[in-house]
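What follows is the residue order along each chain.
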Amino acid sequence: MKVLSKSRFKLGLECPNKLFFTSNSQFANRKNEDSFLQALAKGGFQVEELARLHYPNGVFINTEPYEYEKAFQLTQEALLQDNVVIYEAAFLVDNYFIRTDILEKKGNHIRLIEVKAKSFNPNKEHLFVGSKGGLVGGWKPYLFDLAFQKHVAKLTFPEFQFEAFFMMADKTKAASVDGLNQMFRVPLNGNPRTDIIKQVSSINEIGESVLSEVNVDEIINGIINDKYKYNENIKFSEALISFKDAYINSKYFNWETKFSACKRCEFRASEEEKKEGKLSGFEYCFKKQHNWSDEDFKLPNAMEVWNFQGKNLIESNRLFMNQLTEDDFNIVPIVDKISPGERQWIQVTKSLEKDDSIYVEKEGLLNEMSSWNYPLHFIDFETSTVALPFTSGRRPYEQVAFQFSHHIYYENGTIEHKSEFISNTPGEFPNFHFARALKKSLENDNGTIFRFATHENSILNAIIIQLLNSQESDREELILFLKSITSSTKDSAKPWQGERNMVDLNRVVKEYYYNPHTKGSNSIKAVLPASLNSSIYLKNKYSRPIGEINLTSINFDINHVWIRIVEGQVVNPYKMLPPVFDGWTALEKEDNLSEMEGISDGGAALTAYAKLQYQDMSERERKEITKGLLKYCELDTLAMVMIYEHFKEICEF
């Protein structure tokens, strides 16, 4: 049985063509990740369990996701009661299907309560509806989701009155107890949907809840009645009918392509996936609507250009790079630097000329590097935000810094993996321990400190605020240190610029260096392999064991080799990180709750930390995940060192 669910309705709102692709498993989908991992990382299951404490003794409609009719039948039976609370109530009518997180029925009045692992400030004046009368963009998907739920519920039971609510993490509330996030745990081999272990049985046991309910019924009615539209080209009622028809009958909607939307389309197939028989929805659209051939997809196109909006390119049928001109870019030269517009045009020209040579503003980069003081410190943080706070007095989604790595590059070329920090203890709020460890690592000299992008600066700003509101005996000392290595963010009441403010190596890349191997990306995951492939020095050095290259490591032995060259190309070091549970037998791996294979990006690190916090597991498994996190973070700071060495090589510094 095929039904239009709320998730598919939301997908159709993004782009109706996606309903055709999601109805056919042959189409590749980059968002087909494990939803359990995503929800776990965000604390979604915990928020839902806490929300249920607000409405105790509910009837749980416990069916498999595909058992639409059974779930609806059980819901109908529960609704025969005059007063009842239902968890995951199901509504099925005319091939529309929804489940609502919490339903409260009193007589003929039903409250539909959508629980979101998302935070809000109830005091914000234009929270959902902006000052100009339109829906706030970030809330649109959630509001239309709830509108779909209410509409289907009313279709199913027209005799009832329905009212729509959100229940979410309230930024104005603080936890009243320690360990709130540990009161809802996923047991070993348990189903997070059905088997969460609650350490409390009543909302009264946690004091004031950090969740709040907000009535959005008026806005929801406005969506249903087309006062608010998701897209000006389609009405809510029209979307219901046409989306259902497209999904159930596997019809291609032929919705017009849009530059920004198509640029981030998830229905793309890699070359490996194509060899396995997977299809590309992106290619399907452009073949249908723009008559592209297979050869056209091999040509460089405008959607590949970094940070490019591509206004009117689809309308003027100029989507290939060879159709672009300098006039398409806002090129404003900056002396000895690469301006954003120049960077875009450099990418285009090098791509068209098949020129893989790097472009460097050498004089500017040399001047920048001359301002840095040895020894050089390279740091990287791994962080998380949790909906349910770790300790009393904390608010939802406060920043949690659980790990850092620190490399030092000395003037004589020696590289030392100097220090690291990790908190893997469930329920521990690590930020102040983190700050002390960072201070201990960096306070011994005045060497320049490097980060990659703005994240580390934002995190330390957040910790400064947390310290200001704390009773830590050394808070003044810690704040003074943290301010000395940071700059204030835009929303700071009192601006500051630390005398040892961290240098953003990502900014340095953007302002002075372009490497065609990055294909326009400036992330460290792209810049590192690009630098390695362009540098003879780095290839020669890092293809040798650690013990031979004047480098120390805390987590890898002296025989570890950081890069491997296959058919003339460097294998990305992140892909060479050893798998978690390396050396374990297949049977031992099967018994693991984490089901993790490797940690090679920030998302996997966040998931790993979430598992360490929210899941019961053996101490051996906990240690293995911790080891994986330490190795990943060590590579992040060594990657920065390698990029610095590449710059030294270029500038002969």
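Residues numbered from 1 in each chain as written. Predicted model: local features only at pLDDT ≥ 70, side-chain atom pairs only at ≥ 80, totals over all residues. Heavy atoms only, no water.

K.L.:
Explain the sheet that holds strand β14 (residues 503-504) here, please?
P.N.:
Hydrogen bonds along the backbone pair up the strands of a sheet, which may run parallel or antiparallel. As summarised here, the arrangement of the five strands in space is β12-β11-β10-β13-β14, forming an open sheet in which the pairing is mixed. Edge positions in the sheet fall to β12 (415-422) and β14, since each of these pairs with one other strand and no more. Packed on one face of the sheet, helix α15 (residues 455-468) meets β10 (376-385), β11 (399-409) and β13 (449-451) and runs near 65° to β10. (Pairing = 2+ DSSP bridges. Helix = DSSP H or I, 4+ residues; strand = E, 2+ residues; numbered from the N terminus. Contact = heavy atoms within 4.5 Å. Axes fitted to C-alpha atoms, helices over the stretch in contact; angles between N-to-C directions.)

K.L.:
Is there a simple way to explain the nonpolar core in this structure?
P.N.:
One recurring pattern in soluble globular proteins is that nonpolar side chains are buried together. Counting 83 residues, the largest nonpolar core has F434, L460, I463, Y542, W562 and F647 as its most contacted members. Top element by residues in this core is helix α22 (residues 619-651). It accounts for 14 residues. With sequence-adjacent residues up to four places away left out, W562 is seen in contact with Y542, I546, L551, F556, P573, M576, L577, E634, L635, L638 and M642. In terms of nonpolar packing, the next biggest core, distinct from the first, is built from 58 residues, F97, F166, I220 and Y228 among them. (Core = buried A, V, L, I, M, F, W, Y, C linked by side-chain atoms within 4.5 Å. Buried < 20%, exposed > 50% of the residue type's maximum accessible area, 1.4 Å probe, protein only.)

K.L.:
Looking at this structure, how should I read the pattern of salt bridges?
P.N.:
Side-chain pairs of opposite charge can arise where the charged atoms are in close proximity. Counting across every chain of the model gives 39 salt bridges. A salt bridge links K251 to D245; the nearest nitrogen and oxygen atoms lie 3.0 Å apart. Here K251 falls in the partly exposed class, since its relative accessible area comes to 41%. Here K274 ties to E283 by a salt bridge, and the two come within 2.5 Å at their closest N and O atoms. (Salt bridge = Lys/Arg side-chain N within 4 Å of Asp/Glu carboxyl O.)

K.L.:
Would you explain the packing of aromatic side chains in this entry?
P.N.:
The relation between two aromatic rings is expressed through the spacing of the ring centres and the mutual angle of the planes. Overall, the coordinates contain 51 aromatic pairs when judged by the stated rule. A centroid spacing of 5.9 Å and a plane angle of 80° characterise the contact between F21 and Y284, whose relative ring orientation is edge-to-face. Residue F21 is located in helix α2 (residues 17-22), and its partner Y284 is located in helix α11 (residues 281-290); the two are separated by 263 residues in the primary sequence. Note on F21: relative accessible area 2%, which makes it buried. (Phe/Tyr/Trp six-rings, centres within 6.5 Å; stacked < 30°, edge-to-face > 60°.)

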